[in-house]
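What follows is each chain in one-letter form.
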Amino acid sequence: MKNRNNIIYLLVILLFFNSSCENYLDINQDPNLPTIVPAHRRVIGAITTSNGAAMWRGTREVAGIMQYATTGLATGANRNAETWRFTASYFLWQNAYVFTMPNCVDLIVLGEDEGNPHFVGAGKTLLAMNFGLLTDQYGDIVLDDYYDGRSQITLTPSFNTQQDVYQRIDQLLDEAITAFQSPNPGPSLNFSNGDILYQGDIQKWIKFAWSLKARYLNHMSKKTSLYNPDAILTAVQNGFDGDGMDAEFAYIQGGQQTDENPWFSWGGFTAADRINHRYFTWSQFFVDLLKHLPVTETQYTDPRIGIIMSPAESDGAFRGLKPGLGLAGGAGGSGEFTDQADYGVFPNGGFYTKPTSPMPFITYSELKFIEAEAQLRSGNAVAAFRAYEEGVKANMRKLGVEAAAINAYWIAHMEDGADTHFNDLTSGLSHIMRQKYITQVLHPETWVDMRRMDYSQDIYGPSLQRPSNINNVIFDINDPNQWIRAMVYETNEQNRNGDQIGDNSEQYRLLTPLWWDRP
Amino acid sequence: MEKKLLKFIGFALCYCIPISLIAQSRVIEGTVYSREDISPIPGVSVYVKGNVTQDTMTDLDGNFSISANSNETVVFSFIGMKTQEKQVANTAEWEIFMDMNDDLLQEVVVTAFGIEQERRSLGYSVQEIKSERILETQQPNIINTLQGKVAGVQITNSGGAPGASAIMMIRGGTSLSGNNQPLYVVDGIPIDNTTPVGQGGLGAATAPASNRAIDINPNDIASISVLKGPAAAALYGLRASEGVVVITTKKGQAGVARVNYGNSFSFDKVNKLPELQSRYKQGEFGVFDPEAIGSWGPVFAAEDIVYDNLGSIFEPAFSQRHDVSVSGGNDRSTFYASASRLDQGGIVPNTEFKRNSFRLTGDTRAGDKLRIGGSFNYVQTDRNYVSQGSANGIMGAVYWPRNDDMRNYLNVDGTHRTIGVNDNPFWGAYNKPNASEVERIIGTGNIIYDPFPFLNITYRFGTDYYTDNFTGIRMPGTTIVSEEQGAISESTTNNQISTSTLLVTLKKEVNDFSASLTLGHNAEDFRRQTTTWYGRNFIDPGFAGINNVVEMDRTISQNINQRRIIGVFGDLNLDWKNIIFLNIRGRNDWSSTLPVAARSFFYPSVSTSISVSDLLHEIGWATGERGVSFGKIRASWARVGKDAPPHVLATTLATATNTFTIAPRGFISNANDYYGNPSLRPEFTNSIELGTDVRFFQNKLGVDITYYKTSTDEQILGTRTPPSSGAFLAYLNGGQIDNEGVELMINTRPLSRGDFSWTMDFNFAKNVATVRGLPGTLDRVELSDAWVAGNVAQGAAFLGGSLFGINGTVWRKNADGVLLLNNDGYPQVQSTLTNIGDRNPDWTGGITNTLSYKTLSLSFMWDIRIGGHIYNATENTLVRSGLSTKTTERGNTRVFEGIIESTGEPNTQAVVLNQDYYQSIYPFQGFDFVEDGGWWRLRYVTLAYNFPLHITERLKFQNLQVFGTGRNLLLFTSYSGVDPEVSGSGAGVGGSGSFGFDNLGVPATKGFDLGIKLTF
């Protein structure tokens, strides 16, 4: 009997050991890094990564396609972008999906959990914009199966059609606007100085969301059944209505290298010899746009040229290279001017490539050109021209062009018959798209416009030509009208999610127009 | 421990068995000693062969006296020892030396928690190696002492640097991304065997660390049991899923204090080096250029000196080891104390490994029912090593032109003399040192209480704590980009494992049945904290230290890992007449690393063993011995659970991102770390094992065969995910790995006559580890830690293929396997990697021979590894530098057989195999650098001589032994490079590991040792 008591006593001790074990085991919270912080501490990261991860990586190579900038070397990896040698090693995909968008989704989820709708609104606005950036380069993308911040990640996410994505973008922006209009009982967006776009000014966020709505609705210009200029104009009316509210923030000089504008330094511009820079100088096409008026091709040098570009060290002239030929190809591929000093330097060479230059998400000027296009397509030439004028002048004001120079430019413009050109759709679009090109320097949105315009010389002028040394494996060197239409999905997606991705051959991906790019 | 127990049994038998002596014609008197330490053995059964009435036993001093006729044979038999026979001759005084029966057939082995179990009762395979067999290998790293000795255990030392890590894998591996190495347990206390994957921010290939079991002094070990499968390991819980190495240390023995001293002096040199071309000297495109690093210049002239730069970096190494131990005690208390000093030199300048170890073990009886014991071990391990793994490391001679003497590493002004963009390896050896200083304490305490004959209560507590201070220095003058002004990488790691174990054992015997039940409770606490700091740009170029850089140039980071496990378990043993055994075990673990809802999990095991020969005898079907002296069959089914790594249930936030995007200015999702998974579940490994153990001809031949199959599914896997999931890396449950294999052990005594005996042990094993499933649509799991130079190959597990594959680049071919050539007619490298090799050997084996004559013994062991690929990244680098013999075809033209990709036409163009081809085309494919890495090697041969007693007594010693050992003296391999025992990034790489990657590491050595052992 005594023995049995001993055994029971021991079993009781064993049980006692385990009943106290629950606390003993609660040590699995990561001691090295936080796993959750309040929403207001996540705002800044969602903004910075949307800009410096997603948008930057969505334009780093596309700048070559858009023919803003050109490389100096006639060989090497940098030239591959401007000669359309794109492969599955183009990395916007991961920079948007992994480095950026989880921060937008987390902002939504935290805003919902904390009961502060303004964070939901900011998250949804930025998320919609990033989905837009992705779908405009890839077409069908992962949407429904993407990270939602609540459930487990999906191992083989399925893709949604681009039409689905566009509906979702519009829906997200509507929801964002509603959220912004709701009372926000907790800390404000800028509680910890994280709202580097608008410092907590919710009215500006609302205008930002409306402006994005206008941009994505306007992409439907080839879809006659879906294109709705009234909806665009409604969105424009609710969007930016003046200077000083562009969605942008300044980069920082003097901190880490990744605090600086990537066009200035760490994005491929730190080599001692400037010939090795990712981009050596601007293209002759861009120079030509700044030296000629649309439609008539009358020579008139845009007052912005010396603000955007720096002149050649040798003679102070502005000239550019032809994509694909490098410095050896000379000015515009002419073979003349093959000295480095004959070209203005790209980094730190102007308004967009200084260490602190912002990379705007969307501007008042862009919105005015969207309005002009919608009015023009609606047959309202006068209203279109009015919006166009404001778009041009707003950009000039932003770049610091003096009022006298703006007036002089505008007078020349009018004397050249600009307003009358708006009676013709193509001529009007030529004005709008060329001026929009100048407004949207290095912005990936320009690639959307060029595809919507089918890279037409009627729109962009005779200077727009396919690059030399084009990727002849994919592109027909004898067909000057065959242009690049989309990007190849990333190798990591192909290797890990190959069943969902469809035909990812360069042949198919680079040549096949996206849904909105087809009638 | 074991021998002490045996002696105790012997002591008991002395008084229990009636001694009958019948007077005969001749009385023989003598003493029986253990050959291992020349200590007398009490209780040895001594009898005359064929005359059962004539038997006696040795007394407490090992003395015996027996009567026999002159033509008769006297037999000496003792449990755990090899039986000896001796013909009666004229000698009146006999000295008998008995050998430990450390072959496969020994009777008692240590299994879980230090419990000794009869081998015949075990339903699974366990192999035990005794001290003598451990020490005769002369290996400082205890893991290496087991090389070739245990069937199904693959041990790969990662190179010839002193203190290099060794990898042990038992029966393949079960984990795609995690740890595949066994748990190490010393006297019932788990100890740490971490190999850090890189320290101080330096990569694993650059500064591969030691595995921390290297701190254990082999001389303190009495025996090592290797528990191979989950059935054997189940009681140790989840950390035993890859098997357990159970180490039992030496304990004190009652009697007069005895002092042992041993030493050894060792000489080593590099074992094998690749052949380099000596035809072309420094230059570019056939033209001599003294600035060029490549050997693409003109042909050496007859009068030119061709330097052996690769050979010159290696020097003979000298090592010495001294061990002192004292053991003693009385019938209530015993103690064992030891001190050891190892000073191991390296074959590369400025490398060494030093280990000072002190150990004290004591055990005392308080009353009849209580025993209290404890041990304390203090180890100090200092290691100096040099950077490796790239052309900037010690093997940088693979780049050095042979017309230049690399040994001139200083310019006249004392600055670094180098060529090209890499450091001179000699300069690096003296100016880029790495050092690791470890101080370690392992303490244990135990209380054993036997209140009743049927009840035993044991409580044991132990802790293993160490601090590892790592320093890696690059002195100013290095060519490393951004570190030209000097740099220092340092880290401090504090690592502690504390374990508490309570065991309650009940025993009951009813008629022919006996039963024992053990109930246990186990708690383990693990914590590891590493602080890493880095500084560059030394203010004073002559001093290396973190305070010698300005604050802007310093970075610091910290990493903490914590894990706690609680387990309760039961272990029920039943047997019938010691013939049929049944064992049922169950364990429930609670782990801190799993979600609360899934943190508790249970797993059972069942095993049985049937002694068929005894059973047949028992039921009267077999009589007499005939050929088969013993036969047993065994079977087991087991399941073992495993938890997650610490802190992986939630996704962390970071304030930094990669260098290709923006500084986020605040918290963002940590894309560089694994995506957290709050719904992880424990993973389980299921195994079955069948085996038989048959002995023939009075145990002269034993054959033990085991078949096993394990399957691990729903693994906790750290894997890559498609970017559109929102993460690159995530932990999830998925994937299945099957291991299937056979193990064969043959133990023979071909000859045993009088004073001469010869034993030969064979072991063979074959294991196939197959990846049966991977999550999602993954077709491989890549290991970025096992990348090698040039990024053309890495370790990877392939779906439907091997766990130990090589993922590498190949030529671009069409579906028919025809080369797709570029417009110039050169082959092109395919952009995606593919499976180019399998590092898993076809089979492994070992043959150990021991011959002894009187007190002279000779042991030698062949270590065999057949098949298994090696990726030769060293050769790949040699091709790039122009020193590979593969580049002597340079200048020749070749028409590659294939089609021009752009036209589809068959190729007819001849191309020149020039420097461009060898530097920018050929080395970018990996397939041609995959070689067979198998070997036959004479791992060691040891000759030992114990001086006869009449000499040692005159010298006032109890025993005096001299020995000589040769290590790695013979190596037969078709591998073209260094010794094929390689591991590119050391033992720390998880999953399929980095063995089989020859990546510019310090090559393995061969050498010999001389030493003595003394007992006072």
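- Per an unreviewed UniProt entry, chain B goes by TonB-dependent receptor and derives from Anditalea andensis.
- The UniProt entry for chain B carries this comment under Subcellular location (unreviewed entry): "Cell outer membrane".
- Under the UniProt heading Sequence similarities (unreviewed entry), the entry covering chain B gives this text: "Belongs to the TonB-dependent receptor family."

- The name recorded for chain A in an unreviewed UniProt entry is Starch-binding protein, from Anditalea andensis.

## Description of the UniProt feature "domain: Outer membrane protein beta-barrel" (unreviewed entry) in chain B
So, step 1. The UniProt feature table records "domain: Outer membrane protein beta-barrel" (unreviewed entry) at residues 667–767 of chain B.
So, step 2. The span residues 667–767 of chain B shows a helical share of 0% and a strand share of 68%, and its end C-alpha atoms are spaced 47 Å apart.

## Section: the interface of chain A and chain B
So, step 1. Every contact between the two is made by 57 residues of chain A and, on the other side, 53 residues of chain B.
So, step 2. Of all the secondary structure elements, the ones that give two or more residues to the side of chain A that touches chain B are α1 (2–19), α2 (21–24), α3 (43–57), α6 (92–97), α7 (101–114), α21 (491–496) and α22 (498–501) of chain A.
So, step 3. The class makeup of the residues in the side of chain A that touches chain B is 25 nonpolar, 23 polar and nine charged.

## Quick word on the environment of Val398 of chain B
Residues and elements named next belong to chain B.
So, step 1. Considering the arrangement of structural elements, one finds Val398 in the loop between β21 (370–386) and α6 (425–431).
So, step 2. A C-alpha to C-alpha distance of 9.2 Å links Val398 and Val879, two positions 481 residues apart in sequence.
So, step 3. Residues contacting Val398, with those up to four places away along its chain left out, are Leu310, Ala391, Thr874, Thr877, Leu878, Ser881, Leu883 and Leu1000.

## Things to note about the packing of α3 of chain A against α7 of chain A
The angle between the axes and the distance between the axes are what describe a pair of packed helices.
Residues and elements named next belong to chain A.
So, step 1. Across the interface, α3 lies against α7 with an axial gap of 8 Å and an inter-helix angle of 150°. Comparing the axis directions of α3 and α7 gives the class roughly antiparallel. For the element pair α3 and α7, the recorded crossing hand is left-handed. On the side of α3, the interface is formed by Val43, Gly45, Ala46 and Thr49, while α7 contributes Asn103, Cys104 and Leu107.

## Concerning the pairing of strand β35 (residues 729–733) of chain B
All names here are of chain B.
So, step 1. The two faces of β35 differ: Ala730 and Leu732 on one face are buried, but Leu729, Tyr731 and Asn733 on the other face are not.
So, step 2. By the bridge criterion, five bridges tie strand β34 (residues 716–720) to β35 in an arrangement that is antiparallel. Within β35, the position partnered with Arg720 by the bridge is Leu729.

## So, the nonpolar core
So, step 1. Judged by nonpolar contacts, the single largest core of 178 residues is most densely connected at Leu107 and Ala209 of chain A.
So, step 2. At 11 residues, helix α8 (residues 117–138) of chain A tops the list of elements feeding residues into this core.
So, step 3. Both domains that furnish three or more residues to this core are identified here as domain 2 (108–273 + 314–393 + 432–644 + 680–804 + 839–868 + 933–1015) and domain 3 (648–675) of chain B.
So, step 4. Leu107 of chain A has contacts with Ala39, Arg42, Val43, Ala46, Phe119, Ala122 and Gly123 of chain A, leaving out every residue within four places of it along the chain.

## Notes on the environment of Thr593 of chain B
So, step 1. Turning to its location among the elements, Thr593 of chain B is positioned in the loop between β27 (580–591) and β28 (600–611).
So, step 2. Residue classification places Thr593 of chain B among the buried positions, given that 26 C-beta atoms sit within 10 Å.
So, step 3. Measuring from C-alpha to C-alpha, the distance between Thr593 of chain B and Val648 of chain B comes to 7.7 Å, with 55 residues separating the pair along the chain.
So, step 4. Those residues in contact with Thr593 of chain B, other than ones at most four positions away along the chain, are Asn28 of chain A together with Arg563, Asp643, Ala644, Pro645 and Pro646 of chain B.

## Remarks on the sheet that holds strand β1 (residues 26–34) of chain B
All names here are of chain B.
So, step 1. One open sheet holds the three strands; their spatial order is β4-β1-β7, and the pairing between them is mixed. The open sheet has two free edges, formed respectively by β4 (63–68) and β7 (93–98), since each of these has just one partner strand. Averaged over all adjacent pairs, the angle separating strand axes in this sheet is 35°, with direction ignored.
So, step 2. Looking at chain direction, β1 and β4 are connected through six bridges and run antiparallel. Considered in β4, the bridge of Glu29 is made with Ser65.

## Digging into the pairing of strand β36 (residues 736–753) of chain B
Residue and element names in this part refer to chain B.
So, step 1. Pairing geometry for strand β33 (residues 701–713) and β36, over 13 bridges, is antiparallel. Across the sheet, residue Val703 finds its bridge partner in β36, namely Ile746.
So, step 2. In terms of strand pairing, β36 meets strand β37 (residues 756–773) through 16 bridges, oriented antiparallel. Bridging from a neighbouring strand, Gly741 pairs with Asn767 of β37.
So, step 3. Hairpin remark: β36 followed by β37, antiparallel, with two residues in the connecting loop; positive phi at Gly754, about 60°.

Reading the values: rules and limits
- Residues numbered from 1 in each chain as written.
- Chains lettered and ligands numbered in written order.
- Predicted model: local features only at pLDDT ≥ 70, side-chain atom pairs only at ≥ 80, totals over all residues.
- UniProt positions renumbered as here; feature names shortened; annotations may be inferred.
- Helix = DSSP H or I, 4+ residues; strand = E, 2+ residues; numbered from the N terminus.
- Contact = placed C-beta atoms within 7 Å.
- Nonpolar A, V, L, I, M, F, W, Y, C, P; charged D, E, K, R; others polar.
- Axes fitted to C-alpha atoms, helices over the stretch in contact; angles between N-to-C directions.
- Parallel < 35°, antiparallel > 145°, perpendicular 65-115°, else oblique.
- Left-handed = near helix turned anticlockwise from the far one by under 90°.
- Buried ≥ 20, exposed ≤ 12 C-beta atoms within 10 Å, placed from the backbone.
- Pairing = 2+ DSSP bridges.
- Core = buried A, V, L, I, M, F, W, Y, C linked by C-beta atoms within 7 Å.
- Domains from an automatic or database assignment.

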